[in-house]
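# Remarks on the overall topology
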Amino acid sequence: MGEQESAESTEVAKPNKSVKGSKGARPESRLALVRRARRINRELAEVYPYAHPELDFENSFQLLVATVLSAQTTDLRVNQTTPALFAAYPTPEDMAAADPEVLEQLIRPTGFFRAKAKSLLGLSAALRDRFGGEVPGRLEDLVTLPGVGRKTANVVLGNAFGVPGLTVDTHFGRLVRRWKWTTQEDPEKVEAEIAALFPKSEWTMLSHRIIFHGRRVCHARKPACGACPIAPLCPAYGEGETDPDKAKKLLKYEMGGQPGQRLRPPSDYPGRPAAPLGAAE
């Protein structure tokens, strides 16, 4: 950072009342909202320069499958499960021809394995029959695949095709509402309102930064407010633990000195790789 903003993020301070939106304060103008939102994004970029998708994948098909499996489970559990899955079924054609019971057992650790197996068989057959065995690079095509909605489609587009998109998962939705960027609950409405605050070129990395922050610091039940680098900009400061020492103990993954979620993280990841399924950490 290099400006006064960096000093603010090194020592956590209580936000100004104007940011907090206290009684009697004037409502935040549209311009002020845009400026605050973009400043938070810049701060997060400094905190998480290594932000990345936390699913292990080598190609668009693997990312699509891993994202479908990530519903209602952790990326870590998906990453521990997919090596054996992709060894058995490396292509859509292979997976489309899989024995359903064998497929179910391979993905069982991710939970809801029967429904997920049905989606994987359906989307693999659709890729084989309608898209020549290739994952399409358009949102309107991706959402026609079984088990694929806008969130999954945007993950694949942004990280396998370089097409900007916002990933509105539970972490993303929770944080943008805490930051008063939106009051919407519906993911598509959240996506539309947040997209209007940022240049399109920022959408994919913004998603990674917000999700990283939600997993590491700004947790659902007990956010680590006292260890949060963007506390001065947060209207929700104080919802969680404000004591710096206690808050530090709430930090997760590399920020808490623990392994990340990927078995094969990027080279610039500052933490430790996760352990394979069944291995002692």
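First things first, this report covers the structure right here in the doc.

Cut-offs applied
- Residues numbered from 1 in each chain as written.
- Predicted model: local features only at pLDDT ≥ 70, side-chain atom pairs only at ≥ 80, totals over all residues.
- Heavy atoms only, no water.
- Phe/Tyr/Trp six-rings, centres within 6.5 Å; stacked < 30°, edge-to-face > 60°.
- Helix = DSSP H or I, 4+ residues; strand = E, 2+ residues; numbered from the N terminus.
- Buried < 20%, exposed > 50% of the residue type's maximum accessible area, 1.4 Å probe, protein only.
- Contact = heavy atoms within 4.5 Å.
- Expected span 1.5 Å × (residues − 1).
- Salt bridge = Lys/Arg side-chain N within 4 Å of Asp/Glu carboxyl O.
- Axes fitted to C-alpha atoms, helices over the stretch in contact; angles between N-to-C directions.
- Parallel < 35°, antiparallel > 145°, perpendicular 65-115°, else oblique.
- Left-handed = near helix turned anticlockwise from the far one by under 90°.
- Nonpolar A, V, L, I, M, F, W, Y, C, P; charged D, E, K, R; others polar.

Turning our eyes to something else, we now look at the packing of aromatic side chains. One pass over the full model with this rule turns up six aromatic pairs. With a centroid separation of 5.9 Å and 80° between ring planes, the pair formed by Tyr50 and Tyr269 is classed as edge-to-face. Of this pair, Tyr50 sits in the loop between helix 3 (30–47) and helix 4 (60–69) while Tyr269 sits in the segment after helix 14 (244–248), and the two are 219 residues apart along the sequence. On the basis of relative accessible area, Tyr50 is assigned to the buried category, the value being 9%.

Turning our attention to the side chain of Ser124. With respect to the helices and strands, the residue Ser124 is situated in helix 8 (residues 113–130). For Ser124, a relative accessible area of 0% translates into the label buried. Sequence-distant contacts of Ser124, defined by excluding residues within four places in its chain, comprise Phe61, Pro92, Met95 and Ala96.

What follows covers helix 3. Across its 18 residues, helix 3 extends 26 Å between first and last C-alpha, which sits within 8% of the 26 Å expected from 1.5 Å per residue. For helix 3, the set of buried residues is Leu33, Val34, Arg36, Ala37, Arg39, Ile40, Asn41, Glu43, Leu44 and Val47.

Before going further, it helps to examine the pattern of salt bridges. Once their charged atoms are close, side chains differing in charge can pair, the charge on each being opposite to the other. A complete count under the given rule lists 14 salt bridges for this structure. The partner of Asp141 in a salt bridge is Arg138, and the shortest N-O contact between them spans 2.9 Å. Judged by its relative accessible area of 18%, Asp141 is buried. Here Glu191 ties to Arg150 by a salt bridge, and the two come within 2.7 Å at their closest N and O atoms. Placement of Glu191 in helix 12 (residues 187–195) and of Arg150 in helix 10 (residues 150–160) is noted, with a sequence separation of 41 residues between them. A relative accessible area of 32% means that Arg150 is categorised as partly exposed.

Turning to the packing of helix 4 against helix 8, a few remarks are in order. Following both chains from N to C, one finds helix 4 and helix 8 inclined at 155°, their axes separated by 10 Å at the closest point. Taken together, the axis directions place helix 4 and helix 8 in an arrangement best described as roughly antiparallel. You can see that helix 4 and helix 8 cross each other, and the crossing is right-handed. Between helix 4, through Phe61, Leu64, Val65, Val68 and Leu69, and helix 8, the contact on the second element is made entirely by Lys116, Ser119, Leu120, Leu123, Ser124 and Leu127.

Further remarks concern the packing of helix 4 against helix 10. The contact between helix 4 and helix 10 brings their axes to 10 Å, and the two run at 150°. As far as their axial angle goes, helix 10 and helix 4 are roughly antiparallel. Judged by the sense of rotation from one axis to the other, the crossing of helix 4 with helix 10 is right-handed. Listed contacts from helix 10 to Ser60, Leu63, Leu64, Thr67 and Val68 of helix 4 are Thr152, Val155, Val156, Asn159 and Ala160. Across the contact of helix 4 with helix 10, the residue classes tally to six nonpolar, four polar and no charged.

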